[in-house]
Amino acid sequence: MKMTVTEFQAWLADFGQAIEANKGYLSELDTPIGDGDHGNNMARGMAAYEADFAAKQPTSITDTAKILAMALISKVGGASGPLYGSAFMGITKAVKDIVEIDSQEQLGEVMEQGLQMIQLRGKAAAEDKTMVDVWLPAVAALKKGQLTETVVHTAKEHTAELVAKKGRASYLGERAIGHIDPGAASSELLFVALLKYL
Ligand code: ADP
Ligand code: MG
């Protein structure tokens, strides 16, 4: 694989489209175990990114990632904005001196910096029923050159079996069982969108 700034930007544009197309679904997932706004939050953030992107026309991967990070941090009201924003700030730093990403393994190292920022900010560990439950196995698979739709989808579905330890769903205790975590579902969209470019 070779991911230049062109593919990186195409990936994020695809992700934005997937968020828009799944906005209702993501907010529906957030209704029984949250406040029903995850789809709208993410769609607002991605729309802000697209506007800033058009205004600034970034020409490097790092500048592109930074525009997304800033849009998500500043325009999304929910917990997910600062968390995804931190992830893309970590990615911004990881690709600071990289013109293009040459392998799935290298992309895995980059995404791992994003994951670490999510965990630094949100303090969620594996099995806490958050987006981290998709990022952890997706990053591990990338680092081995083995990311597939199944890896990501299985990880998202698995969150239904968990009791939440972080975020709004944690107030529900056992009642969260049976419900997929909305942030895990939006993270599935992010990593599935990536598959086209591997
Ligand atoms: P809010 O909960 O503020 O309404 P959203 O609905 O947009 O924000 O996002 C909820 C998602 O954020 C959850 O489904 C979960 O995946 C993620 N999340 C919440 N808290 C944390 C955390 N501490 N660490 C990682 N992810 C978290
Ligand atoms: Mg919410």
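See above for the structure.
What comes next concerns the included structure.

The rules we used
- Residues numbered from 1 in each chain as written.
- Chains lettered and ligands numbered in written order.
- Predicted model: local features only at pLDDT ≥ 70, side-chain atom pairs only at ≥ 80, totals over all residues.
- Heavy atoms only, no water.
- Donors = N, O, S within 2.8 Å, 3.2 Å for Na, K, Ca; no water.
- Buried < 20%, exposed > 50% of the residue type's maximum accessible area, 1.4 Å probe, protein only.
- Helix = DSSP H or I, 4+ residues; strand = E, 2+ residues; numbered from the N terminus.
- Arc of directions from axis to C-beta.
- Contact = heavy atoms within 4.5 Å.

## Quick notes on the coordination of the magnesium ion (ligand 2)
Any two of four tetrahedral donors ideally make an angle of 109.5 degrees at the metal, while pairs among six octahedral donors ideally make 90 or 180 degrees.
Okay, so step 1: At the metal site, the magnesium ion (ligand 2) is ligated by Asp30 (OD), Asp35 (OD) and Asp37 (OD), and these contacts range over 2.0 to 2.2 Å.
Okay, so step 2: Positions of the donor residues of the magnesium ion (ligand 2), expressed as sequence spacing, correspond to D-x4-D-x1-D.
Okay, so step 3: On the basis of relative accessibility, which here comes to 8%, the residue Asp30 falls in the buried class.
Okay, so step 4: Of the residues examined, Asp37 reaches a relative accessible area of 22% and is grouped as partly exposed.

## Overview of helix 8 (residues 149–158)
Okay, so step 1: All of the buried residues in helix 8 are Val152, Ala155 and Lys156. Projected down its long axis, helix 8 shows its buried positions confined to an angular sector of 100 degrees, all on one face.
Okay, so step 2: The elements touched by buried residues of helix 8 are helix 2 (23–33), helix 7 (132–143) and helix 9 (182–195).

## Observations regarding the side chain of Lys156
Okay, so step 1: Looking at the secondary structure, you find Lys156 in helix 8.
Okay, so step 2: Among residues more than four places away in sequence, those in contact with Lys156 are Tyr25, Val134, Ile180, Ala184, Ala185 and Glu188.

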